[in-house]
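Understanding the architecture of this molecule
One letter stands for each residue in the lines below.
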Amino acid sequence: QVQLVESGGGLVQAGGSLRLSCAASGSIFSINAMGWYRQAPGKQRELVATISSRGSTTYADSVKGRFTISRDNAKNTVYLQMNSLKPEDTAVYYCNADVASVIAVWGMDYWGKGTLVTVSS
């Protein structure tokens, strides 16, 4: 079984910064793409950023220049550095990873339970 556990959420004032972490654990062979999604109250879940196993990144237009995704393959961990936070960034942030494991050698999609980020104005 593979688990993703997020941490680092919290309450911050507009203009502030937070760093989210997501650690994958279990019987992992390798991790392909990893990413962060978010869901604000009353809205659909949306992509924030992704990073490939080789480090290629993509970002939603709304966070470009403010958020940075990175990963530590040795630790099976993905990070999201969030700077210049805005009230509209308030959401539950979910970690996602495509993980090859004993259950699915070619990869399977896993999600964390989410961590709440609240940005006050």
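The written sequence of each chain sets the order in which its residues are numbered from 1. Local features in this predicted model are restricted to residues of pLDDT 70 or higher, and side-chain atom pairs are both shown and tallied only at a pLDDT of 80 or more, whereas totals for entire chains, interfaces and linings draw on every residue. The side-chain figures draw on all heavy atoms in the structure; neither hydrogens nor water molecules are used.

The helix and strand tally for the protein chain stands at 0 helices and 11 strands. Its helices and strands taken in sequence order, the protein chain reads β-β-β-β-β-β-β-β-β-β-β from the N to the C terminus. For this measure, only C-alpha atoms enter the radius of gyration; the expected value for a globule follows 2.2 Å times N^0.38, where N is the number of residues. The globule rule puts the C-alpha radius of gyration for 121 residues at 14 Å, and the 14 Å found for the protein chain is close to it. By its C-alpha atoms, the protein chain is 45 × 25 × 25 Å across when sized along the principal axes. Contact definition: two residues touch when any of their heavy atoms are within 4.5 Å. Restricting to contacts in the protein chain with at least 6 residues of sequence separation, those with at least 24 account for 57%. Summing over all exposed atoms, the protein chain offers an accessible surface of approximately 6,400 Å²; the carbon and sulfur share of this is 49%. Positive and negative side-chain charges of the protein chain, numbering 11 and 8 respectively, have mean locations separated by a distance of 3 Å. The numbering of helices and of strands both runs from the N terminus, where a helix is a DSSP run of H or I of at least 4 residues and a strand a run of E of at least 2. Per-residue and other accessible areas were derived by the Shrake-Rupley procedure at a 1.4 Å probe size, with only the shown protein chains allowed to occlude residues. Charged residues are defined here as Lys and Arg on the positive side and Asp and Glu on the negative side; His and the ends of the chain fall outside this count. All charge positions are set by atom: Lys at NZ, Arg at CZ, Asp at CG, Glu at CD.

Attention shifts here to the pattern of salt bridges. Here a salt bridge means any side-chain nitrogen of Lys or Arg lying within 4 Å of a carboxyl oxygen belonging to Asp or Glu. By the definition in use, this model includes 4 salt bridges. The partner of Glu 46 in a salt bridge is Arg 38, and the shortest N-O contact between them spans 2.7 Å. Judged by relative accessible area, which is 36%, Glu 46 ranks as partly exposed. Note on Arg 38: relative accessible area 5%, which makes it buried. Only protein chains enter the accessibility calculation, which uses a 1.4 Å probe; a residue whose area is less than 20% of its type maximum is buried, one above 50% is exposed, and one in between is partly exposed.

For the rest of this paragraph, the subject is the pairing of strand β11 (residues 115–120). Side chains of β11 alternate between two faces, with Thr 115, Val 117 and Val 119 buried and Leu 116, Thr 118 and Ser 120 left unburied. Strands qualify as paired when DSSP identifies two bridges or more between them. As judged from the 4 bridges shared by strand β2 (residues 10–13) and β11, these two strands associate in the parallel manner. Residue pairing across strands places Gln 13 opposite Ser 120, the latter belonging to β11. Sheet analysis places strand β9 (residues 91–101) next to β11, joined by 3 bridges and oriented antiparallel. Following the sheet pairing, Val 92 is matched in β11 by Leu 116.

In this structure, Tyr 110 sits in strand β10 (residues 108–111). Overall, Tyr 110 belongs to the buried group, its relative accessible area being 10%. Each C-alpha atom, one on Tyr 110 and one on Ala 49, is 16 Å from the other, the two residues being 61 residues apart in sequence. Excluding anything up to four places from it in sequence, Tyr 110 contacts Val 2, Leu 4, Cys 95, Asn 96, Ala 97, Val 99, Ser 101 and Ile 103.

Among the nonpolar cores identified, the biggest contains 31 residues, and Trp 36, Val 48, Phe 67, Val 78, Leu 80, Met 82 and Tyr 93 are the most heavily contacted of them. Within the residue set of this core, elements represented by two or more residues are β1 (2–7), β3 (18–26), β4 (28–39), β5 (46–51), β7 (67–72), β8 (77–82), β9 and β11. Per-element accounting of this core gives the leading share, 5 residues, to β9. Other than its neighbours up to four places away in sequence, Leu 80 contacts Leu 18, Arg 19, Leu 20, Trp 36, Val 48, Ala 49, Phe 67, Thr 68, Ile 69 and Tyr 93. Joining through side-chain atoms within 4.5 Å is the link that ties buried Ala, Val, Leu, Ile, Met, Phe, Trp, Tyr and Cys residues into a set, and such a set is a nonpolar core.

Shape descriptors only; they carry no functional weight alone.
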